[in-house]
Amino acid sequence: MALSFIKKVFTFGKPAEEPVPAAVERELEPRSRDEDLPIADDPVLPEEMDTAGGPAADIGEGGVEAPVAEDDVEPSILPAADQLSDMGVVPLSLLEAEAAAEAETEIQTVAETVAEIPASVPLGHLPREAGDHVETGALEQPADLEEIVEKLPEEISTEGDAGLDSPFQPFSPPVGEMPGRAEGGSPPAEPETGSPILPKGFATGPKVVEPEPIAPQPRLSWFQRLRNGLARTSSQLTSQITALFTKRKLDDETLQDLEDLLIQADLGVETAMRVTDTLASERYGKDVTGEDVSRIMASEIAKVLKPVAKPLQLDLSHKPHVILVVGVNGTGKTTTIGKLAAKLSGAGLKVMLAAGDTFRAAAIEQLKIWADRTNSEFIGTKLGADAAGLAYDAFEQAKAKKCDVLIVDTAGRLQNKAELMAELEKIVRVLGKLDPDAPHTVLQTLDATTGQNALSQVEIFRNVAGVNGLIMTKLDGTARGGILVAISAKHKLPVYFIGVGEGVEDLEPFEAEDFAHAIAGLGQ
Ligand SMILES: Nc1nc2c(ncn2[C@@H]2O[C@H](COP(=O)(O)OP(=O)(O)OP(=O)(O)O)[C@@H](O)[C@H]2O)c(=O)[nH]1
């Protein structure tokens, strides 16, 4: 090992593959063991093992070095110093000095590392006290090994463990005391040279900061969620009303300002006039607060909404009751179908979902996911296929499977696209071939964020597809929730549900009083 080290040292300054001349090699071989320097690769032996004064050794069989006598050296055939220099070889004396300095540094490093380790650590192969030197070198005699094995702790067995038969096997602490090694598990990666083996209860590495556990959010009531959803609509309305009525008596001018304000909030002319008329009849010429106005507004809105807040009537004698869902692109048809399916199948009804939106691959996939989630039957077709044909097949299959409810999704379409609206008409016609009353419900989804445009959407879809019920989606986070009041006042179509989020639980039956209070920023 000492020889190989010195050979390694002598390759400095020249390509490693260039052979060292035999004469030089011979000069280098005979070194007294006392002059050998500790090498990083050498095993660090247990403290019980004493290598001091041990015989020098060449690498022999079994990895044990054999002694070399100093007399074997043949110094006379060394090349001259300048020849060595030409060959890129540095004089031995210089290299010895360098190697000695390097070795000293290494010893120092090991000593420092060891000094940091608590004395209780069952090290075995490391000195216990700071400043102790780590000795390396050849093992004295195989007899030493027997002595070491005898001194091993009980937990360590050398029987059947080929590794432990080797004199170079470092001491291993019992399984479980070794960091990262579980009982019966595979051994950890070799520890880095000089990394301490810590006792049980210690760990190395940067401190892991555990994230603060997030406290579970209390489940909000439906009204709280509705209020939160409509917060933008209501806060905009109430702050404007409060600003209008601060220290002002109710007169024609304030009434006109209020009417304008309510129309701008999408409530519609009819509802705005109802509110101002009632306010004028009760408080004309008197001081009025913002809260007075909010209360009257809530009461008038509730009067408009009550006639349309109806449950979705299912005639289960049909087997299936067919619900066709229509609307402009992205108004929430597919999501709403999923939410409805969850409610219906949750109540024990057998539901089938038909992917009649053959324009969008993602819509078919989306509906399939909802069907899986809600344990509903699913029927789909390939992209671009005839939607009316799919609706027909779905109706037949739903009948055959004795489904209670069949919900047919359709592609979103703008109300001004005549061709697409004609396709919708066809779907309705085809369903009517299997049952003259089908589709039994034609539901239109309306996106609350679209504001006034929703009014004309209802108008046209109603004429083409016979819409007989509405669901308003995306009432969460919009400042235009007032549009539902305007639509209700104008079309007087039933509003079955409202959506205040993307989650399955974010669809609730429409309640006139709740909605009116939430939009006016009042409590329930
Ligand atoms: N915030 C919110 N998002 C909703 C609500 N309902 C649906 N969405 C979202 O609106 C987007 C469009 O919903 P879809 O169900 O795909 O709408 P669609 O009408 O089927 O769309 P098309 O097939 O393109 O016509 C999706 O990101 C939904 O998650 C709701 O009540 N609130």
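This structure is a prediction, so every number in the text was calculated from the model and none was measured.

Comments concerning the sheet that holds strand S3 (residues 321-326)
Next up, step 1: Reading across the sheet, the 8 strands line up as S5-S4-S6-S3-S7-S8-S9-S10 and stay open at both edges, with mixed pairing between neighbours. The open sheet has two edge strands with one neighbour each: strand S5 (377-379) and strand S10 (507-509). Pairs of neighbouring strands in the sheet enclose a mean axial angle of 20°, with direction left out of account.
Next up, step 2: Relative to strand S6 (residues 405-410), S3 is paired through 4 bridges, and the arrangement is parallel. Opposite Ile323, over in S6, you have Ile407 as the bridge partner.
Next up, step 3: Seen against the sheet, helix H15 (residues 418-434) touches S3 and S6 and runs at an angle of roughly 180° to S3.

Remarks on the site of the ligand
Next up, step 1: Near the ligand you find 19 residues, and of these Lys333, Thr334, Thr335, Asp476 and Glu502 are the closest.
Next up, step 2: Contacts to the ligand include Gly332, whose backbone N or O atom sits 3.0 Å from an oxygen atom.
Next up, step 3: Here an oxygen atom of the ligand and a backbone polar atom of Gly412 are 3.3 Å apart.
Next up, step 4: Here the ligand, which alone exposes 650 Å², has 81% of that area covered by the protein.
Next up, step 5: Counting residues per element, the shell around the ligand draws most heavily on helix H12 (residues 333-346), at 4 residues.
Next up, step 6: Counted by class, the shell around the ligand contains 1 nonpolar, 11 polar and 7 charged residues.

Comments concerning the UniProt feature "domain: SRP54-type proteins GTP-binding" (unreviewed entry) in the protein
Next up, step 1: The positions UniProt marks with the feature "domain: SRP54-type proteins GTP-binding" (unreviewed entry) are residues 494-507.
Next up, step 2: End C-alpha to end C-alpha, residues 494-507 measures 16 Å, and it is 0% helix and 43% strand.

Observations regarding the packing of aromatic side chains
Next up, step 1: Under the definition given, this model contains 1 aromatic pair.
Next up, step 2: Between the aromatic rings of Phe510 and Phe515, the centroid separation amounts to 5.4 Å while the plane-to-plane angle is 65°, which identifies the pairing as edge-to-face. By the burial criterion, Phe510 is buried, and Phe515 matches it.
Next up, step 3: Sitting over the ring of Trp370, Arg373 keeps its end group 4.6 Å from the ring centre.

Some details on the nonpolar core
Next up, step 1: Grouped together as the largest cluster of nonpolar side chains are 82 residues, with contacts concentrated most on Ile498 and Phe515.
Next up, step 2: Top element by residues in this core is helix H11 (residues 290-305). It accounts for 8 residues.
Next up, step 3: When residues of this core are assigned to domains, at least three fall in each of domain 2 (222-305) and domain 3 (321-515).
Next up, step 4: In this structure, Ile498 is in contact with Trp222, Leu226, Met472, Leu475, Leu484, Asp506, Leu507, Glu508, Phe510 and Phe515, ignoring residues within four places of it in sequence.
Next up, step 5: Membership of the second largest hydrophobic core comes to 21 residues, among which are Trp370, Ile407, Tyr496 and Leu507.

With respect to a nonpolar patch on the surface
Next up, step 1: A cluster of nonpolar residues, Ile263, Val269 and Met273, forms a patch on the protein surface that exposes about 230 Å² of accessible area.
Next up, step 2: Tracing the backbone shows Met273 in helix H10 (residues 269-283).

Quick notes on the pairing of strand S8 (residues 469-473)
Next up, step 1: A large share of S8 lies buried, amounting to 5 of its 5 residues.
Next up, step 2: Of the two faces of S8, the one lined by Gly469, Ile471 and Thr473 and the one lined by Leu470 and Met472 are each fully buried.
Next up, step 3: In this sheet, S8 lies alongside strand S7 (residues 441-447) in parallel orientation, the contact comprising 5 bridges. In the sheet register, Gln444 faces S8, and the bridge partner there is Leu470.
Next up, step 4: The pairing of S8 with strand S9 (residues 495-499) spans 3 bridges and is classified as parallel. The residue of S9 that forms the bridge with Leu470 is Val495.
Next up, step 5: Assessed by its sense of winding, the connection that carries the chain from S8 through helix H17 (residues 483-491) to S9 is right-handed.

Points about the packing of helix H8 (residues 231-244) against helix H9 (residues 252-264)
Next up, step 1: Interhelical geometry of H8 versus H9 gives an angle of 170° and a closest axis separation of 11 Å. Between H8 and H9, the interaxial angle falls into the category roughly antiparallel. On the side of H8, the interface is formed by Leu237, Gln240, Ile241 and Leu244, while H9 contributes Thr254, Asp257, Leu258, Leu261 and Leu262.

Describing the environment of Leu434
Next up, step 1: Inspection of the secondary structure puts Leu434 in helix H15.
Next up, step 2: The class for Leu434 is partly exposed, based on a relative accessible area of 23%.
Next up, step 3: Along the chain, Leu434 and Tyr392 lie 42 residues apart, while their C-alpha atoms are 7.8 Å from each other.
Next up, step 4: Look past the residues within four positions of Leu434 in its chain and what remains in contact with it is Tyr392, Phe395, Glu396 and Lys399.

Thresholds, definitions, all that
- Residues numbered from 1 in each chain as written.
- Predicted model: local features only at pLDDT ≥ 70, side-chain atom pairs only at ≥ 80, totals over all residues.
- Heavy atoms only, no water.
- Pairing = 2+ DSSP bridges.
- Helix = DSSP H or I, 4+ residues; strand = E, 2+ residues; numbered from the N terminus.
- Axes fitted to C-alpha atoms, helices over the stretch in contact; angles between N-to-C directions.
- Contact = heavy atoms within 4.5 Å.
- Near = heavy atom within 4 Å.
- Polar contact = N/O pair within 3.5 Å; in protein donor to acceptor, adjacent residues only side chain to side chain.
- Areas by Shrake-Rupley, 256 points an atom, 1.4 Å probe, with all protein chains shown as cover.
- Nonpolar A, V, L, I, M, F, W, Y, C, P; charged D, E, K, R; others polar.
- UniProt positions renumbered as here; feature names shortened; annotations may be inferred.
- Phe/Tyr/Trp six-rings, centres within 6.5 Å; stacked < 30°, edge-to-face > 60°.
- Buried < 20%, exposed > 50% of the residue type's maximum accessible area, 1.4 Å probe, protein only.
- Lys NZ or Arg CZ within 6 Å of the ring centre and 35° of its normal.
- Core = buried A, V, L, I, M, F, W, Y, C linked by side-chain atoms within 4.5 Å.
- Domains from an automatic or database assignment.
- Patch = residues over 30% accessible without salt bridge, like charges linked within 9 Å, V, L, I, M, F, W, Y side chains within 5 Å.
- Salt bridge = Lys/Arg side-chain N within 4 Å of Asp/Glu carboxyl O.
- Right-handed = clockwise from strand over helix to strand, strands pointing away.
- Parallel < 35°, antiparallel > 145°, perpendicular 65-115°, else oblique.

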